[in-house]
Amino acid sequence: MTSKNLIRIDSAPPRHWVGDGFHVHGMFGYTQDTHLYSPFLMLDYGAPYHFSANPGKPRGVGSHPHRGFETVTIAYAGEVTHRDSSGGGGTIGVGEVQWMTAGSGLVHDEFHSEGFSKSGGEMHMVQLWVNLPAKDKMTKPSYQAIAHGEIPEIDVDGATLRVIAGNYTNAHGAANTFTPMNVWDVRLSAGQTISLPQPEGWTTLLLVQSGTVSVNANASANAAQLIVPGRDGTGVDITAHANAQVLLLAGEPIDEPVVGYGPFVMNAEQEIRQAITDFNSGKFGRITESKA
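Residues numbered from 1 in each chain as written. Predicted model: local features only at pLDDT ≥ 70, side-chain atom pairs only at ≥ 80, totals over all residues. Heavy atoms only, no water.

Participant: I tried to follow the pattern of salt bridges on my own but got confused; where do I start?
Facilitator: A side chain with one charge can pair with a side chain of the opposite charge if their charged atoms come near. Overall, the coordinates contain nine salt bridges when judged by the stated rule. Put simply, Arg83 and Asp109 hold a salt bridge, and the shortest N to O gap is 2.7 Å. Residue Arg83 is found in strand E7 (residues 80-84), and its partner Asp109 is found in strand E10 (residues 106-112); the two are separated by 26 residues along the sequence. Arg83 sits in the partly exposed class, given a relative accessible area of 28%. (Salt bridge = Lys/Arg side-chain N within 4 Å of Asp/Glu carboxyl O. Helix = DSSP H or I, 4+ residues; strand = E, 2+ residues; numbered from the N terminus. Buried < 20%, exposed > 50% of the residue type's maximum accessible area, 1.4 Å probe, protein only.)

See the structure below:
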């Protein structure tokens, strides 16, 4: 394995609120350095945050539209309930994933589950936006609810690796994706080293969620930092200096124009204008009760 060279390590910016239910660090977005992150468009890191009990309306984000990409929500603590205008949705809890394909367009909402709202507790989430290639941007909306038991969990040199999407040796992730990618949860104990092979030319990103790690035996990163290697090379070595949790995102870049406006990400300005027109004319539909 030829190690990928490190480009930089980014510290999390100050948190901001998404609605009133998600207090996140915006690690990157589609308005900056899109060539570094493709096929990924945005990463919001909801580091652990305690919510008090709330007997009223659950906190969260009300109805809003999307077109041209996918949203992926990974739950580490707390519960989130999702509904969308395609009829998809449900509630995810610890260790579970929601993978929503907005495609040609839908509206959805995301709130703390009723049970979590009433009890309160720690919320710890990651939300990722995944780009769709031009040929698939207008695909039919769909929704994948991935339960904890559907995610392969394997031992790699003493570390634990969960394969949410993609493949690690003979372990195959449950998520269906439009372009090749790996989304892996990695947990290491202090002193452990793990080698994570990735194809030559792929984007690779490492979000450190806890602990301290070094990459390729040199640069060190701490919790709430994003490690950005280059595309050359075939993998990264991670060594934990304290018990660590790392989310690996890797994928084949989509070398197409990225033109975005808020919740719409397409390839040309005319497509954005059409998305706005379609949404305003009701073509994205209305939220219905989940079929889940």
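Text resumes after the structure shown.
Participant: Which parts of the structure should I look at to understand the nonpolar core?
Facilitator: Side chains that are nonpolar tend, in soluble globular proteins, to be buried together. Ranked by internal contacts, the top residues of the largest apolar core, which has 30 residues, are Leu43, Ile74, Trp99 and Leu226. In terms of residues, this core owes the most to one element, strand E4 (residues 40-51), which gives four residues. Not counting residues up to four positions away in its chain, the partners in contact with Leu43 are His25, Gly26, Met27, Phe28, Val126, Gln127, Leu128, Leu207, Leu226 and Leu249. (Core = buried A, V, L, I, M, F, W, Y, C linked by side-chain atoms within 4.5 Å. Contact = heavy atoms within 4.5 Å.)

Participant: Just to check I follow, could you spell out the sheet that holds strand E20 (residues 212-215) for this structure?
Facilitator: The strand order E18-E23-E20-E21 describes an open sheet built from four strands, whose pairing is antiparallel. Single-partner strands in this sheet number two, and they are strand E18 (193-197) and strand E21 (219-222). Going across the sheet, the axis of each strand differs from the next one's by a mean of 25°, ignoring polarity. (Pairing = 2+ DSSP bridges. Axes fitted to C-alpha atoms, helices over the stretch in contact; angles between N-to-C directions.)

Participant: Honestly, the layout of surface pockets in this entry has me stumped. Any pointers?
Facilitator: By rolling a water-sized probe across the atoms, one finds the places where empty space is left. A volume near 430 Å³ is recorded for the largest pocket. Taken together, 27 residues line the largest pocket, and the ones lying closest to its centre are Val18, Phe22, Val24, Asp44 and Gln127. Mapped by element, the contributors of at least two residues to the lining of the largest pocket are strand E2 (16-18), strand E3 (22-28), E4, strand E5 (60-66) and strand E11 (121-131). (1 Å grid on protein atoms, 1.4 Å probe; cavity = no way out; pocket = protein on both sides within 12 Å on 5 of 7 lines; lining within 4 Å. Points joined across faces, edges and corners; volume = space filled by probe spheres on them.)

Structural measurements only, silent on function.
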